[in-house]
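Each chain, letter by letter, is given below.
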Amino acid sequence: MAHFSDRVERISISGIRAVFEAAGEDAINLGLGQPDFPTPPHAKQAAIEAIESGASDAYTSNKGTLELREAIAAKHERDNGFSVDPEHVIATAGGSEALHIAIEAHVNGGEEVIYPDPGFVSYEALTHLAGGTPKPVELREDLTMDPADVEDAITEDTAAFVVCSPANPTGAVQSPADMKEFARIADEHDAVCISDEVYERIVFEGEHVSPARFSDNVVVVNACSKTYSMTGWRLGWVTATNDRIERMLRVHQYAQACASAPSQFAAEAALSGPQDVVDEMVAAFNERRDVLLDGLEEMGLDTPTPQGAFYAMPRVPDGWVDAVIERGVVVVPGDAFGDGGAGHARISYATDIETLKEAIEAMAEATAAVR
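In this text, all values refer to a predicted model and were calculated from it rather than measured experimentally.

Q: Now, about helix H8 (residues 176–189): what can you tell me, with residues and values included?
A: Helix length check: H8 (14 residues) gives 20 Å between terminal C-alpha atoms against 20 Å at 1.5 Å per residue, within 8%. Among the residues making up H8, those that are buried are Asp178, Met179, Phe182, Ala183, Ile185 and Ala186. Seen end-on, H8 carries its buried residues on one side only, within an arc spanning 160 degrees. Seen from the open side of H8, the exposed residues pointing more than 90 degrees away from its buried face are Ala177, Lys180 and Glu188. Packed against the buried residues of H8 are helix H7 (147–153), strand E5 (158–164) and strand E6 (192–196). Immediately beyond the C-terminal end of H8, within one or two residues, lies aspartate 190, with a positive phi of roughly 55 degrees.

In structure tokens, the structure reads:
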């Protein structure tokens, strides 16, 4: 009889997958967590040139090419207002691996990881895989995470807490004051703050501020996936102090060796090249957000205004998600992201305006049917 680890038995395939499988082939998919824009041409070209020249044929440094790490350091100086030594960067296989090695390197068996609920599905699963104890924290009415609630949840067994802003699945953006408080909490309680900043450039209102500006007890997780529409390239990174990087590198070295070399060349070009493609994408998401919010308001659905990312999370009546899927539109039930998501649905507006309007019509029909 096959034997499996208890850690693996504590997790299962994401509930989001079940929603996709329940939908028809011609369904409008508003469940996807990826931009619908092409990867910037200069990023693609850099990968092509690296492949054709043979520059990407071999392993890179475990941390990634020096040129990529210098581009990441320059990006943090330019966009985030803090300095990073390129030696304190590890290029990873997407933001997912970055989260994995951050949690694996900091959490002992039985130690707690605090994270937002609802929140990205990987936080709970990766905590289980590290042998830790997941500790979800409910969100405010506006779907941001209250630093006071995080601090109240901390015990002597807490190893880390996760902050995500702009957030998946809510689109909420934490205030600069909140981020400064998270940094203080990390320092005062000696619990590492893992700051998931994968959506940081996609902000419509407010301002993204990294807690790494205020504390060294922060591990920043980021990626090219959302900002540059490069989800398939699988290129992310972590930045932290040298002692933390050295421990995360041990996990990365044995699990991954190095990030894909062609993707590293593409990411370097994306980070260092023209940024107008990002601004254009954000403007398009902003327009779509407003169209969706207007439609949800007309349906009478209460929706906290998302200030970033490309998700909205309305409060919906019982049966709403199933009714929407039956009408050919894929949305994700809020409880797929934790118990705190019950009574909500996550809607991605990473699709064109006309398709979004068609989906809104189906949602309006579903809303009328379940009320």
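Q: Break down the pairing of strand E8 (residues 236–239) for me, with residues and values.
A: Every second residue of E8 is oriented toward a common face, with Gly236 and Val238 on one face and Trp237 and Thr239 on the other, all of them buried. As paired strands, strand E2 (residues 89–92) and E8 are joined by four bridges and run antiparallel to one another. What sits directly across from threonine 92, in E8, is glycine 236. Of the strand pairs in this sheet, strand E7 (residues 218–223) and E8 are connected by four bridges, and their pairing is antiparallel. Considered in E8, the bridge of alanine 223 is made with glycine 236.

Q: Kindly report on the sheet that holds strand E12 (residues 345–348), identifying the contributing residues and their values.
A: Judged by pairing direction, the sheet is antiparallel, and its three strands sit side by side in the order E9-E12-E11 without closing on themselves. In this open sheet, the two edge strands, each paired with only one partner strand, are strand E9 (311–312) and strand E11 (332–333).

Q: Please provide a residue-by-residue account of the packing of aromatic side chains, values included.
A: With the rule as written, the count across this model stands at nine aromatic pairs. Pairing phenylalanine 310 with tyrosine 311 gives two aromatic rings, centres 4.9 Å apart and planes at 50 degrees, and the pair type is tilted. Relative accessible area serves as the criterion here: at 0%, phenylalanine 310 is assigned to the buried category. Three or more aromatic residues joined by ring pairs make a cluster, and in this case those are Phe37, Tyr199, Phe285, Phe310, Tyr311 and Tyr349.

What counts and how
Residue indices follow the written sequence of each chain, beginning from 1 at its first position. It should be noted that, the model being predicted, local features are given only for residues of pLDDT at least 70 and side-chain atom pairs only at 80 or more, the latter also being counted only at that level, while totals for whole chains, interfaces and linings use all residues. For side-chain calculations, the full set of non-hydrogen atoms in the structure is used, while hydrogens and water are omitted. Each helix is a run of DSSP H or I of at least 4 residues and each strand a run of E of at least 2, with the numbering of both proceeding from the N terminus. Multiply 1.5 Å by the residue count of a helix minus one, and that product is the helix's expected span. For every residue, the accessible area (1.4 Å probe, protein chains only) is compared with the maximum for its type, and the residue is labelled buried under 20%, exposed over 50%, or partly exposed between those bounds. Directions pointing from the helix axis toward each C-beta atom define the arc. Contacts are assigned to residue pairs with any non-hydrogen atoms lying within 4.5 Å of each other. DSSP calls a pair of strands paired once it identifies at least 2 bridges connecting them. Two aromatic rings from Phe, Tyr or Trp, using only the six-membered ring of Trp, form a pair when their centres are within 6.5 Å; if the ring planes differ by under 30 degrees the pair is stacked, by over 60 it is edge-to-face, and anything between is tilted.

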